[in-house]
Amino acid sequence: MEQGANIRIVQQVLGHTRVTTTERYTHVSTPLVRDAGELASTLWGNLWSLRL
């Protein structure tokens, strides 16, 4: 997942019916989650300033 794998592809490869099952077995590191949150916050701030 941290290398950019699509969770739906991983789900199919593992043969899981539900994506929640796949999520249970895949873990993303805390720094990656933090970085994604910071990026989303920055993007939202930029969009807000443009009033899109």
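From a predicted model like this one, the values you see are computed outputs, not experimental measurements.

Thresholds, definitions, all that
Residues numbered from 1 in each chain as written. Predicted model: local features only at pLDDT ≥ 70, side-chain atom pairs only at ≥ 80, totals over all residues. Heavy atoms only, no water. Polar contact = N/O pair within 3.5 Å; in protein donor to acceptor, adjacent residues only side chain to side chain. Helix = DSSP H or I, 4+ residues; strand = E, 2+ residues; numbered from the N terminus. Contact = heavy atoms within 4.5 Å. pLDDT = per-residue confidence, 0-100.

1. Points about helix α1 (residues 7-14)
Helical geometry: 3.6 residues make up each α-helical turn, so side chains three or four residues apart lie on a common side.
Here is step 1 of the chain: Its side-chain oxygen at 2.7 Å from the backbone nitrogen of Arg 8, Asn 6 defines the N-terminal cap of α1.
Here is step 2 of the chain: Of the residues trailing α1, Gly 15 is marked for its positive phi of about 80°.

2. Re the side chain of Gln 11
Here is step 1 of the chain: Within the secondary structure, Gln 11 is located in helix α1.
Here is step 2 of the chain: A polar atom in the side chain of Gln 11 sits 3.3 Å from the side chain of Arg 8.
Here is step 3 of the chain: Those residues in contact with Gln 11, other than ones at most four positions away along the chain, are His 16, Thr 17, Arg 18, Val 19 and Thr 22.

3. Quick notes on the side chain of Thr 22
Here is step 1 of the chain: Along the chain, Thr 22 falls in helix α2 (residues 19-25).
Here is step 2 of the chain: Side chain to side chain, Thr 22 and His 16 meet in a polar contact 2.8 Å long.
Here is step 3 of the chain: Once residues within four sequence positions are removed from consideration, Thr 22 is found in contact with Ile 7, Val 10, Gln 11, Leu 14 and His 16.

4. Here we look at the environment of Val 19
Here is step 1 of the chain: In this fold, Val 19 is placed in helix α2.
Here is step 2 of the chain: With 12 residues separating them along the chain, Val 19 and Ile 7 place their C-alpha atoms 7.6 Å apart.

5. Some points on the confidence of the model for the protein chain
Here is step 1 of the chain: On average, residues of the protein chain carry a pLDDT of 75, and 69% of them reach 70 or more.
Here is step 2 of the chain: At the low end of the mean pLDDT range in the protein chain sits helix α3 (residues 30-50), at 71; at the high end sits α1, at 86.

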